Amino acid sequence: MKLSVSNLAFTPTAGGDEWERLAAAGVSGVEVAPTRLGPWAELDAARLRAFRTELEGRGLRASSLQAIFFGVDGLALLGSVEAFHAMEAQIARVARIAAELGAEVAVFGAPRQRARGTLPPEDAFALGAERLSRLAHLAGEEGLVIGLEPVPADYGNDFLPGWRDVLAMVQAVDHAGLRVHLDTSCVALGGDDIAEAVQACAPWLAHYHAAEPKLGPFAAPAAPHAAAAAALAAVGYPGWVAIEMLEQPAHPLAALLDAVRYVRGTYAC
């Protein structure tokens, strides 16, 4: 397994010394929330390539993308045709960004943009399968995998909240551009067993988040990380384990390095 850290965990101006200290601590990737690099409209090829060069010059690479719909209005997986077309356009933009950065997975969490609303569950699943298939084909054409995340009700989600729901959707779509993404805290908050989730999803598992509830720090971990690590090792998961954590205002780099030490020791990254 390879260790990555989300750029939500440090200041938008991080670079230089921060990258070198992360690499020295055993980190090999950065999960990129694109708007931490700049507004969507300003993320042109030159800016993205410069960021990639900066990372690679310090032994790091862009492992993945997250927050792929952040700050973009009018998108809805299960909404109007126009709202879904807007989501398709955003996925196309995300795929181009991923290609420039060298990232191969984009995490699809986004409870607001996937809301079921008043749609009956069976109708929502059928429409979701049709539209996620279109997104998977669109992403796959650019070599990008969408990692569909089970997001529990605690985070305001009402569509595909559990790992079984997500796995059923990935199997229904049956396209290499859509795979399962698991998160230690999300699975636990949904009342499920992370070891069972990893084992069942292993053939379709594209990405993994080591995260605490509400994306908190790792000073006193509450999520079942040891069970997650053992399960990932047992199935031979070869991918990224990305630390998803929000920036800790007082000492962001120190908090992140603490998280790195804990996750490396627990997940053997």
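Definitions and cut-offs
- Residues numbered from 1 in each chain as written.
- Predicted model: local features only at pLDDT ≥ 70, side-chain atom pairs only at ≥ 80, totals over all residues.
- Heavy atoms only, no water.
- Helix = DSSP H or I, 4+ residues; strand = E, 2+ residues; numbered from the N terminus.
- Rg over C-alpha atoms; globule rule 2.2 N^0.38 Å.
- Buried < 20%, exposed > 50% of the residue type's maximum accessible area, 1.4 Å probe, protein only.
- Contact = heavy atoms within 4.5 Å.
- Phe/Tyr/Trp six-rings, centres within 6.5 Å; stacked < 30°, edge-to-face > 60°.
- Pairing = 2+ DSSP bridges.
- Right-handed = clockwise from strand over helix to strand, strands pointing away.
- Salt bridge = Lys/Arg side-chain N within 4 Å of Asp/Glu carboxyl O.
- Expected span 1.5 Å × (residues − 1).

Below, the discussion takes up the overall build of the chain. On a plain count of helices and strands, the chain comes out with nine helices and eight strands. Computed over the C-alpha atoms, the radius of gyration of the chain is 17 Å, within 12% of the 18 Å expected from 2.2 N^0.38 for a compact globule of 269 residues. Once the C-alpha set of the chain is aligned to its principal axes, its extents read approximately 50 × 40 × 30 Å. In the chain, which comprises 269 residues, the proportion classed as buried is 52%. Pairs at least 24 residues apart make up 80% of the contacts formed inside the chain by residues separated by at least 6 positions.

Moving on: unusual backbone geometry. The backbone of alanine 67 shows a phi angle near 50°, a positive value even though the residue is not glycine. A relative accessible area of 29% means that alanine 67 is categorised as partly exposed. Phi angles above zero are rare outside glycine, and aspartate 174 is one such case at about 55°. Inspection of the secondary structure assignment puts aspartate 174 in the loop between helix H5 (163–173) and strand E6 (178–183). Assessed through its relative accessible area of 65%, aspartate 174 is described here as exposed.

Moving on, we come to the packing of aromatic side chains. Aromatic ring pairs are reported here in terms of the distance separating the ring centres and the angle at which the planes meet. Enumeration over the complete set of coordinates arrives at five aromatic pairs. Geometrically, the ring pair formed by phenylalanine 10 and tryptophan 19 is edge-to-face, given 5.2 Å between the ring centres and 85° between the ring planes. For the ring pair phenylalanine 218 and tyrosine 262, a centre distance of 6.0 Å and an interplane angle of 40° mean the geometry is tilted. With phenylalanine 218 in the loop between strand E7 (205–211) and helix H8 (225–234) and tyrosine 262 in helix H9 (residues 252–267), this pair connects stretches of sequence that are 44 residues apart. Residue classification places phenylalanine 218 among the buried residues on the basis of a relative accessible area of 4%. An aromatic cluster of at least three residues, connected via ring pairs, comprises Phe10, Trp19 and Phe51.

The next thing to look at is the pairing of strand E2 (residues 29–32). Every other side chain in a regular strand lies on the same face of the sheet, so the side chains alternate between the two faces. Burial along E2 is two-sided: the face carrying Gly29 and Glu31 and the face carrying Val30 and Val32 are both buried. Note: strand E1 (residues 2–6) against E2, three bridges, orientation parallel. The residue of E2 that forms the bridge with valine 5 is valine 30. Handedness of the crossover is the feature at issue here: the chain leaves E1, passes through helix H1 (residues 17–24), returns alongside E2, and the resulting connection is right-handed. The pairing of E2 with strand E3 (residues 61–65) spans four bridges and is classified as parallel. Within E3, the position partnered with valine 30 by the bridge is alanine 62. Traced from E2 through helix H2 (residues 45–56) to E3, the parallel crossover comes out right-handed.

So, on to the pattern of salt bridges. Enumeration over the complete set of coordinates arrives at nine salt bridges. Its salt-bridge partner being arginine 47, residue glutamate 42 comes within 3.0 Å of it at the nearest N-O pair. Of the residues examined, glutamate 42 reaches a relative accessible area of 43% and is grouped as partly exposed. In this structure, arginine 261 and aspartate 258 form a salt bridge, with 2.4 Å as the shortest nitrogen-oxygen distance. With arginine 261 and aspartate 258 both in helix H9 and three residues apart, the pair spans about one turn of that helix. One network of salt bridges, with partners in common, ties together Arg164, Asp192 and Glu196.

Before going further, it helps to examine helix H4 (residues 121–140). Compared with the 28 Å implied by 1.5 Å per residue over 20 residues, the 27 Å span of H4 between its first and last C-alpha is a close match. Check the buried side of H4 and you find it contacts helix H3 (81–101), strand E4 (105–108), strand E5 (145–148), H5 and E6.

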